[in-house]
Amino acid sequence: MEFYTLASSSSGNAALVRHGDTALLLDAGISARRIAQSLALLGMTPDMLDAVLVTHAHSDHVNGVATLTKKYAIPVYASRGTARFLACAGEALRPFDAGDEFTLGAFRVRSFSTSHDAADSVDYRFDCDGGSVGALTDTGYVTRAAAETLAGVDALLLEANHDVEMLRCGPYPYHLKQRILSDLGHLSNDDAADFALECAKRGTRDILLAHLSDENNTPAAAEYAVARRLQSAGLSVRLGVAPKDRMSEAHEVYRSAARMA
C-alpha cells in the first residue's frame, strides 16, 4: 500500500492512495491536466482511478472534479451536504452520509465528520490488507469522530496549517484570522503536534504534514513543532511535509508488527 500527495496548499489539494489494482484520489483541487501529469509519473492515467473521494466543496479541493468527470467515467464520492455543490459530477456522483463505511476495490473506506466552514465536511480512513492510511485536514479542531476513526492508523496525512503567532502578527485581515483560528477553521502546528503525539502513541509511524499556509507557516516551523512534541515523549516516526505544488515522494505503508501479532 502506498500514498502520495499530488499538491497540498490553499491553492489546491489532491492525494492518491493505492494498493494492488485499486487507486483512489482524495480530493481533486488541482486541474485535471495536473492530476494526469502526476499520475503519468506513476505509470497511470486518470481512467485507472477507481474513485474520487471529496472532503468538502471548497474550490481548492474540487477544482478538477468537473473536467475529470467529463473526460473519464470516475465515480465521485461525497457526503450529502457536499454533494449538493457538485452538480458538475452528474451521474458520477455517489452521495453518502457522514460516518458511512463502504468498500472500494481493495479498500475499506471509513468517513468521519470534521469541523470546517463548509457544509457536511468529512475526511477518510483507508484500510486494506497491507495497512491503513488516514487523512485529517481542513478542520478547526480534532473532532471526536476523527480521533476515534483514526486511532491506530499506520500512516497519517495531517493538517498543520499555521503557526499561531505568525498568523496573529501577519497581514491577514482580522476577520480572516478569526475564521482560521475558530473551531470551523484550520489546525495549527501545535494542534497538529498534539494529535500527532496521540496517534504515535497508538502506533502511527508515518506522518505527512499538509495544507500549510504560505503566509502564516513554513515547512521548517511545522515540522519542528511536531518533531519536538514527539521527541519529548520519546517517540520516533517518519515525519515530513507535503510539497505545495508537486507530487510527494512515495509513502510505503505497512501494518505495524504489533497489530499483526
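Residues numbered from 1 in each chain as written. Predicted model: local features only at pLDDT ≥ 70, side-chain atom pairs only at ≥ 80, totals over all residues. Heavy atoms only, no water.

Peer 1: Any chance you could explain the overall build of the protein here in plain terms?
Peer 2: The helix and strand tally for the protein stands at 10 helices and 14 strands. Compactness check: the protein gives a C-alpha radius of gyration of 17 Å against a globular reference of 18 Å for 261 residues, within 12% of the reference. C-alpha extents for the protein along the principal axes are approximately 50 × 45 × 35 Å. Residue burial in the protein is summarised as follows: out of 261 residues, 57% are buried. The long-range share in the protein, meaning contacts at least 24 apart out of those at least 6 apart in sequence, stands at 64%. For the protein, the exposed surface amounts to about 11,000 Å²; the carbon and sulfur share of it is 50%. Once the 25 positive and 33 negative side-chain charges of the protein are each reduced to a mean point, those two points are 0 Å apart. (Helix = DSSP H or I, 4+ residues; strand = E, 2+ residues; numbered from the N terminus. Rg over C-alpha atoms; globule rule 2.2 N^0.38 Å. Buried < 20%, exposed > 50% of the residue type's maximum accessible area, 1.4 Å probe, protein only. Contact = heavy atoms within 4.5 Å. Areas by Shrake-Rupley, 256 points an atom, 1.4 Å probe, with all protein chains shown as cover. Lys, Arg positive; Asp, Glu negative; His and termini not counted. Charge placed at Lys NZ, Arg CZ, Asp CG, Glu CD.)

Peer 1: In this structure, what is going on with the packing of aromatic side chains? I would like to understand it.
Peer 2: Geometry of an aromatic ring pair is reported as the spacing of the ring centres plus the angle between the planes. A full pass over the atoms with the stated rule returns five aromatic pairs. Between F107 and F126, the ring centres sit 6.2 Å apart and the planes meet at 80°, which makes this aromatic pair edge-to-face. Here the residue F107 occupies a position in strand 8 (residues 107-113), and F126 occupies one in strand 9 (residues 122-128), the gap between them amounting to 19 residues. The residues F107 and F126 share a single accessibility class, namely buried. One aromatic cluster is present, formed by Y77, F96, F102, F107, Y124 and F126 through successive ring pairs. (Phe/Tyr/Trp six-rings, centres within 6.5 Å; stacked < 30°, edge-to-face > 60°.)

Peer 1: Looking at this structure, I do not really get the sheet that holds strand 6 (residues 93-96). What am I missing?
Peer 2: The strands making up a sheet associate through hydrogen bonds between their backbones, and the pairing can be parallel or antiparallel. Taking strand neighbours across the sheet as the criterion, the seven strands line up as 6-5-4-3-2-1-14 in an open arrangement whose pairing is mixed. Each edge of the open sheet is held by one strand with a lone partner, namely strand 6 and strand 14 (251-252). Each of strand 1 (2-9), strand 2 (12-19) and strand 3 (22-26) is contacted by helix 1 (residues 32-40), which is oriented at about 145° to strand 1, the strand it contacts most. (Pairing = 2+ DSSP bridges. Axes fitted to C-alpha atoms, helices over the stretch in contact; angles between N-to-C directions.)

Peer 1: Explanation requested: the pattern of salt bridges in the structure shown.
Peer 2: Note on pairing: side chains with opposite charge can pair once their charged atoms come close. Counted by the stated rule, this structure contains 14 salt bridges. As a salt-bridge pair, R110 and D127 come within 3.1 Å of each other at their nearest N and O atoms. Of this pair, R110 sits in strand 8 while D127 sits in strand 9, and the two are 17 residues apart along the sequence. Owing to a relative accessible area of 17%, R110 belongs among the buried residues under this scheme. (Salt bridge = Lys/Arg side-chain N within 4 Å of Asp/Glu carboxyl O.)

Peer 1: For this particular structure, what's the right way to read the environment of F112?
Peer 2: Take F112: it is sitting in strand 8. C-alpha separation for the pair F112 and L49, spaced 63 residues apart in sequence, amounts to 22 Å. Not counting the four nearest positions on each side in its chain, F112 is found in contact with G99, S121, V122, D123, Y124, R125, A135, L136, A145, A146, T149 and L150.

Peer 1: I'm lost on the sheet that holds strand 11 (residues 155-159) in this one. Help?
Peer 2: Ordered in space as 7-8-9-10-11-12-13, the seven strands form an open sheet in which the pairing is mixed. Looking at which strands have only one partner, the edges of the open sheet turn out to be strand 7 (101-104) and strand 13 (238-241). Averaged over neighbouring strand pairs, the angle between their axes works out to 20° when direction is ignored. Its contacts with the sheet put helix 8 (residues 189-201) on strand 10 (131-136), strand 11 and strand 12 (206-210), and the angle it makes with strand 11 is roughly 165°. Against the sheet, helix 9 (residues 219-232) touches strand 12 and strand 13, its axis set at about 155° to strand 13.

Peer 1: Any chance you could explain empty space enclosed by the protein here in plain terms?
Peer 2: Any space left empty among the atoms is revealed by the rolling of a water-sized probe across them. Within this structure, the stated rule accounts for one cavity of 30 Å³ or more. Within this model, the largest cavity holds a volume of roughly 110 Å³. What lines the largest cavity is a set of 14 residues, and nearest its centre among them are N13, A14, D27, T137 and L157. Listing elements by their share of the lining of the largest cavity, those giving two or more residues are strand 1 and strand 2. (1 Å grid on protein atoms, 1.4 Å probe; cavity = no way out; pocket = protein on both sides within 12 Å on 5 of 7 lines; lining within 4 Å. Points joined across faces, edges and corners; volume = space filled by probe spheres on them.)

Peer 1: Got a minute to help me understand the environment of A233 in this structure?
Peer 2: Residue position: A233 is located in the loop between helix 9 and strand 13. Residues A233 and A222, 11 residues apart in the sequence, show an inter-C-alpha distance of 18 Å.

Peer 1: Could you clarify how one ought to interpret helix 1 in this entry?
Peer 2: Residues lying three or four places apart along an α-helix face the same way, a consequence of the helix completing one turn every 3.6 residues. Taken residue by residue, helix 1 has A32, I35, S38 and L39 as its buried positions. When helix 1 is viewed along its axis, its buried side chains cluster within an angular range of 125° and face the same direction. For helix 1, the elements touching its buried residues are strand 1, strand 2, strand 3 and helix 3 (65-71). (Arc of directions from axis to C-beta.)

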